[in-house]
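Tertiary structure, described
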Amino acid sequence: MADNCFAHPRLAAIYDPLGPDRSDLDAYLRITEEFGARRVLDIGCGTGVFALLLADRGIEVVAVDPALASIDVARSKPGGERVRWICGDATDLPPLQVDLATMTANVAQAIADPYTWQKTLEGAYEALRPGGQLVFETRDPAQRAWEEWTRESSYRVTEILGVGSVESWVQLVEVSSPLVTFRWTYGFAADGQVLTSDSTLRFREREEVEQDLIAHGYVVEDVRDAPDRPGREFVFLARRP
(Lines give C-alpha, C1' and ligand atoms only; values in the text may rest on other atoms or scores of the structure.)
Protein backbone atom coordinates (compact mmCIF):
# COMPACT_ATOMS: atom_id res chain seq x y z
CA MET A 1 0.00 0.00 0.00
CA ALA A 2 1.30 3.44 -0.92
CA ASP A 3 1.48 6.10 1.78
CA ASN A 4 -1.36 8.60 1.84
CA CYS A 5 0.88 11.48 0.73
CA PHE A 6 1.29 9.65 -2.59
CA ALA A 7 -2.01 7.77 -2.85
CA HIS A 8 -4.54 10.45 -1.82
CA PRO A 9 -5.40 12.62 -4.84
CA ARG A 10 -5.49 15.86 -2.84
CA LEU A 11 -2.10 15.17 -1.25
CA ALA A 12 -0.47 13.88 -4.43
CA ALA A 13 -1.48 17.13 -6.15
CA ILE A 14 0.47 19.23 -3.62
CA TYR A 15 3.47 16.94 -3.18
CA ASP A 16 5.71 18.88 -5.57
CA PRO A 17 4.83 22.40 -4.34
CA LEU A 18 5.52 21.31 -0.75
CA GLY A 19 8.98 20.05 -1.67
CA PRO A 20 10.17 22.02 -4.70
CA ASP A 21 13.91 21.57 -4.06
CA ARG A 22 14.90 18.35 -5.81
CA SER A 23 18.63 18.96 -5.93
CA ASP A 24 18.93 15.45 -4.49
CA LEU A 25 18.27 14.22 -8.03
CA ASP A 26 21.38 15.92 -9.43
CA ALA A 27 23.56 13.00 -8.32
CA TYR A 28 21.31 10.56 -10.18
CA LEU A 29 21.46 12.66 -13.33
CA ARG A 30 25.25 12.65 -13.13
CA ILE A 31 25.28 8.87 -12.64
CA THR A 32 23.00 8.48 -15.66
CA GLU A 33 25.52 10.47 -17.72
CA GLU A 34 28.47 8.61 -16.17
CA PHE A 35 27.13 5.26 -17.39
CA GLY A 36 25.85 6.61 -20.70
CA ALA A 37 22.42 5.18 -19.90
CA ARG A 38 19.84 5.54 -22.69
CA ARG A 39 17.12 3.37 -21.12
CA VAL A 40 16.21 3.87 -17.47
CA LEU A 41 13.76 2.22 -15.10
CA ASP A 42 12.60 4.61 -12.35
CA ILE A 43 11.28 2.46 -9.47
CA GLY A 44 9.03 4.39 -7.09
CA CYS A 45 8.73 7.33 -9.47
CA GLY A 46 6.14 9.20 -7.39
CA THR A 47 4.97 12.32 -9.21
CA GLY A 48 7.51 11.75 -11.97
CA VAL A 49 10.06 14.52 -11.36
CA PHE A 50 13.12 12.39 -12.09
CA ALA A 51 11.50 10.46 -14.94
CA LEU A 52 10.63 13.69 -16.70
CA LEU A 53 14.11 15.14 -16.18
CA LEU A 54 15.46 12.06 -17.94
CA ALA A 55 12.87 12.22 -20.72
CA ASP A 56 13.81 15.86 -21.33
CA ARG A 57 17.33 14.60 -22.07
CA GLY A 58 16.06 12.18 -24.70
CA ILE A 59 16.33 9.11 -22.49
CA GLU A 60 13.79 6.29 -22.78
CA VAL A 61 12.11 5.96 -19.38
CA VAL A 62 9.84 3.39 -17.78
CA ALA A 63 8.51 4.71 -14.47
CA VAL A 64 6.65 2.56 -11.94
CA ASP A 65 4.86 3.44 -8.70
CA PRO A 66 2.08 1.76 -6.68
CA ALA A 67 0.23 5.06 -6.07
CA LEU A 68 -2.23 5.74 -8.88
CA ALA A 69 -2.83 9.33 -7.70
CA SER A 70 0.88 10.11 -8.09
CA ILE A 71 1.02 8.42 -11.51
CA ASP A 72 -1.93 10.57 -12.58
CA VAL A 73 -0.08 13.72 -11.48
CA ALA A 74 3.06 12.62 -13.31
CA ARG A 75 1.21 11.71 -16.49
CA SER A 76 -0.49 15.12 -16.61
CA LYS A 77 2.77 17.09 -16.53
CA PRO A 78 4.32 18.62 -19.67
CA GLY A 79 6.25 15.88 -21.45
CA GLY A 80 4.38 13.16 -19.59
CA GLU A 81 3.56 11.42 -22.85
CA ARG A 82 7.26 10.66 -23.36
CA VAL A 83 7.41 8.34 -20.34
CA ARG A 84 5.93 4.86 -20.02
CA TRP A 85 4.04 4.98 -16.71
CA ILE A 86 3.13 1.79 -14.84
CA CYS A 87 1.00 1.66 -11.70
CA GLY A 88 2.56 -1.14 -9.68
CA ASP A 89 5.97 -2.13 -8.38
CA ALA A 90 9.12 -3.83 -9.61
CA THR A 91 7.28 -7.17 -9.77
CA ASP A 92 4.72 -5.78 -12.25
CA LEU A 93 7.11 -4.98 -15.08
CA PRO A 94 6.94 -6.11 -18.70
CA PRO A 95 10.12 -7.62 -20.19
CA LEU A 96 12.78 -4.89 -20.19
CA GLN A 97 16.48 -4.47 -20.95
CA VAL A 98 17.39 -1.16 -19.33
CA ASP A 99 20.85 0.30 -18.79
CA LEU A 100 20.04 1.74 -15.38
CA ALA A 101 17.44 1.17 -12.66
CA THR A 102 17.03 3.77 -9.92
CA MET A 103 15.32 4.17 -6.57
CA THR A 104 15.71 7.82 -5.60
CA ALA A 105 15.06 9.57 -2.27
CA ASN A 106 13.29 7.35 0.32
CA VAL A 107 12.14 4.67 -2.12
CA ALA A 108 14.49 1.88 -1.04
CA GLN A 109 13.83 2.49 2.66
CA ALA A 110 10.08 2.77 2.12
CA ILE A 111 10.13 -0.87 0.97
CA ALA A 112 10.13 -1.90 4.60
CA ASP A 113 8.82 -5.45 4.27
CA PRO A 114 11.75 -7.90 3.84
CA TYR A 115 9.93 -10.12 1.33
CA THR A 116 8.89 -7.15 -0.82
CA TRP A 117 12.45 -5.82 -0.69
CA GLN A 118 13.83 -9.13 -1.95
CA LYS A 119 11.26 -9.22 -4.75
CA THR A 120 12.13 -5.63 -5.68
CA LEU A 121 15.81 -6.52 -6.05
CA GLU A 122 14.80 -9.51 -8.18
CA GLY A 123 12.52 -7.40 -10.35
CA ALA A 124 15.19 -4.77 -10.92
CA TYR A 125 17.75 -7.46 -11.78
CA GLU A 126 15.45 -8.99 -14.38
CA ALA A 127 14.82 -5.56 -15.93
CA LEU A 128 18.53 -4.76 -16.33
CA ARG A 129 20.54 -5.77 -19.34
CA PRO A 130 23.80 -7.61 -18.58
CA GLY A 131 26.18 -4.91 -17.39
CA GLY A 132 23.32 -2.64 -16.34
CA GLN A 133 23.41 -0.82 -13.02
CA LEU A 134 21.04 -0.49 -10.07
CA VAL A 135 21.47 2.75 -8.09
CA PHE A 136 19.73 3.75 -4.88
CA GLU A 137 20.32 5.47 -1.56
CA THR A 138 19.64 4.66 2.08
CA ARG A 139 20.26 6.67 5.23
CA ASP A 140 23.04 5.57 7.55
CA PRO A 141 21.25 4.34 10.71
CA ALA A 142 24.14 5.56 12.86
CA GLN A 143 23.19 9.17 12.04
CA ARG A 144 19.73 8.74 13.65
CA ALA A 145 18.02 11.10 11.17
CA TRP A 146 14.63 10.52 12.81
CA GLU A 147 15.65 12.57 15.83
CA GLU A 148 15.22 15.67 13.65
CA TRP A 149 11.68 14.77 12.55
CA THR A 150 9.75 17.08 14.86
CA ARG A 151 6.87 19.50 14.48
CA GLU A 152 9.08 22.33 15.66
CA SER A 153 11.70 21.77 12.98
CA SER A 154 9.31 21.02 10.12
CA TYR A 155 6.25 23.24 10.55
CA ARG A 156 5.58 25.57 7.64
CA VAL A 157 2.76 27.26 5.76
CA THR A 158 2.93 27.05 1.97
CA GLU A 159 0.88 29.10 -0.48
CA ILE A 160 -0.04 26.89 -3.43
CA LEU A 161 -1.58 28.27 -6.59
CA GLY A 162 -5.17 27.12 -6.97
CA VAL A 163 -5.14 25.50 -3.53
CA GLY A 164 -4.45 28.25 -1.02
CA SER A 165 -2.53 28.01 2.25
CA VAL A 166 -1.45 24.58 3.42
CA GLU A 167 0.02 23.92 6.85
CA SER A 168 2.32 20.90 7.09
CA TRP A 169 4.56 19.26 9.64
CA VAL A 170 6.04 15.89 10.57
CA GLN A 171 6.10 14.07 13.89
CA LEU A 172 7.87 10.90 14.95
CA VAL A 173 5.45 8.10 15.85
CA GLU A 174 7.61 5.11 16.76
CA VAL A 175 11.18 3.87 16.61
CA SER A 176 11.39 0.09 16.66
CA SER A 177 14.77 -0.57 15.09
CA PRO A 178 15.26 -1.06 12.19
CA LEU A 179 11.80 0.46 11.53
CA VAL A 180 10.94 4.12 12.04
CA THR A 181 7.38 5.39 11.66
CA PHE A 182 6.44 9.05 11.28
CA ARG A 183 3.33 11.04 10.42
CA TRP A 184 2.90 14.06 8.16
CA THR A 185 -0.09 16.33 8.84
CA TYR A 186 -1.59 18.68 6.24
CA GLY A 187 -4.13 21.39 6.97
CA PHE A 188 -6.01 23.13 4.13
CA ALA A 189 -7.05 26.68 4.96
CA ALA A 190 -9.55 26.78 2.08
CA ASP A 191 -11.98 24.35 3.70
CA GLY A 192 -10.39 23.35 7.01
CA GLN A 193 -9.72 19.76 5.97
CA VAL A 194 -6.88 18.03 7.80
CA LEU A 195 -5.25 14.97 6.27
CA THR A 196 -2.47 12.77 7.62
CA SER A 197 0.00 10.37 6.06
CA ASP A 198 1.88 7.71 8.01
CA SER A 199 5.14 6.32 6.66
CA THR A 200 7.51 3.61 7.83
CA LEU A 201 11.14 3.41 6.72
CA ARG A 202 13.57 0.55 7.26
CA PHE A 203 17.05 1.70 8.26
CA ARG A 204 19.34 -1.01 6.87
CA GLU A 205 23.01 -1.25 7.75
CA ARG A 206 25.46 -0.92 4.86
CA GLU A 207 26.65 -4.53 5.26
CA GLU A 208 23.05 -5.81 5.18
CA VAL A 209 22.34 -4.05 1.90
CA GLU A 210 25.55 -5.29 0.32
CA GLN A 211 24.75 -8.86 1.36
CA ASP A 212 21.23 -8.58 -0.09
CA LEU A 213 22.60 -7.34 -3.40
CA ILE A 214 25.22 -10.08 -3.64
CA ALA A 215 22.63 -12.73 -2.73
CA HIS A 216 20.53 -11.62 -5.72
CA GLY A 217 23.41 -11.84 -8.18
CA TYR A 218 24.60 -8.25 -8.23
CA VAL A 219 28.20 -7.11 -8.10
CA VAL A 220 28.53 -4.15 -5.71
CA GLU A 221 30.59 -1.70 -7.73
CA ASP A 222 30.67 1.22 -5.33
CA VAL A 223 29.13 2.75 -2.22
CA ARG A 224 29.26 6.52 -2.42
CA ASP A 225 28.40 9.47 -0.25
CA ALA A 226 25.22 11.39 -1.06
CA PRO A 227 26.36 14.85 -2.23
CA ASP A 228 23.32 16.58 -0.74
CA ARG A 229 23.68 14.83 2.65
CA PRO A 230 27.41 14.21 3.13
CA GLY A 231 28.16 11.64 5.79
CA ARG A 232 24.51 10.78 6.27
CA GLU A 233 23.60 8.43 3.42
CA PHE A 234 24.95 5.54 1.36
CA VAL A 235 24.51 5.54 -2.42
CA PHE A 236 24.80 1.97 -3.73
CA LEU A 237 25.87 1.16 -7.28
CA ALA A 238 25.37 -2.50 -8.14
CA ARG A 239 25.90 -4.16 -11.52
CA ARG A 240 24.15 -7.09 -13.13
CA PRO A 241 27.01 -9.22 -14.52
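The rules behind the values
- Residues numbered from 1 in each chain as written.
- Predicted model: local features only at pLDDT ≥ 70, side-chain atom pairs only at ≥ 80, totals over all residues.
- Heavy atoms only, no water.
- Helix = DSSP H or I, 4+ residues; strand = E, 2+ residues; numbered from the N terminus.
- Rg over C-alpha atoms; globule rule 2.2 N^0.38 Å.
- Buried < 20%, exposed > 50% of the residue type's maximum accessible area, 1.4 Å probe, protein only.
- Arc of directions from axis to C-beta.
- Contact = heavy atoms within 4.5 Å.
- Pairing = 2+ DSSP bridges.
- 1 Å grid on protein atoms, 1.4 Å probe; cavity = no way out; pocket = protein on both sides within 12 Å on 5 of 7 lines; lining within 4 Å.
- Points joined across faces, edges and corners; volume = space filled by probe spheres on them.
- Nonpolar A, V, L, I, M, F, W, Y, C, P; charged D, E, K, R; others polar.
- Core = buried A, V, L, I, M, F, W, Y, C linked by side-chain atoms within 4.5 Å.
- Phe/Tyr/Trp six-rings, centres within 6.5 Å; stacked < 30°, edge-to-face > 60°.

Re the overall build of the chain
Across its full length, the chain holds nine helices and 11 strands. Taking 241 residues into account, the globule formula puts the C-alpha radius of gyration at 18 Å, and the chain, at 18 Å, falls close to it. Principal-axis analysis of the C-alpha atoms gives the chain an extent of 55 × 40 × 30 Å. Here the chain, with 241 residues, has 48% of them falling under the buried criterion.

Concerning helix α9 (residues 206-215)
Considered for burial, the residues of α9 that qualify are V209, D212 and L213. One side of α9 carries all its buried residues, which in axial view fall inside an arc of 95°. Opposite the buried face of α9, at more than 90 degrees from it, the exposed residues are E207, Q211, I214 and A215. Check the buried side of α9 and you find it contacts α7 (114-127), β5 (128-139), β10 (219-225) and β11 (233-239). Immediately beyond the C-terminal end of α9, within one or two residues, lies G217, with a positive phi of roughly 95°.

Considerations on the pairing of β11
Along any regular strand the residues' side chains alternate between the sheet's two faces. The buried fraction of β11 is high, at six of seven residues. Alignment of β5 against β11, held across seven bridges, turns out to be antiparallel. Considered in β11, the bridge of V135 is made with L237. Both β10 and β11 contribute to a ladder of six bridges, which runs antiparallel. Across the sheet, residue V220 finds its bridge partner in β11, namely A238.

Some details on empty space enclosed by the protein
Take a probe with the size of a water molecule and roll it over the atoms, and the empty space left behind shows itself. Applying the stated rule across the entire model yields one cavity of 30 Å³ or more. Approximately 40 Å³ is the volume found for the largest cavity. Taken together, the residues that form the lining of the largest cavity break down as five nonpolar, no polar and three charged.

Details of the nonpolar core
Inside soluble globular proteins, nonpolar side chains tend to come together where they are buried. Counting 29 residues, the largest nonpolar core has L41, L93, M103, L134, F136, L213 and Y218 as its most contacted members. For this core, the elements supplying multiple residues, two or more each, are β1 (39-43), β2 (60-65), β4 (98-103), α6 (107-110), α7, β5, α9 and β11. Looking at this core element by element, the count peaks at five residues for α7. Ignoring anything within four residues of it in the chain, the contact list for L93 reads L41, V64, I86, G123 and A127. Counting 24 residues, the second-largest nonpolar core is a separate cluster that includes V40, A51, A226 and L237.

Remarks on the packing of aromatic side chains
Considering all chains together, one arrives at 11 aromatic pairs under this definition. On the numbers, 5.2 Å between centres and 90° between planes, the contact of Y125 with Y218 is edge-to-face. In this pair, Y125 is assigned in helix α7 and Y218 in the loop between α9 and β10, connecting sequence segments 93 residues apart. A relative accessible area of 3% places Y218 in the buried class. A centroid spacing of 4.9 Å and a plane angle of 85° characterise the contact between W146 and F203, whose relative ring orientation is edge-to-face.

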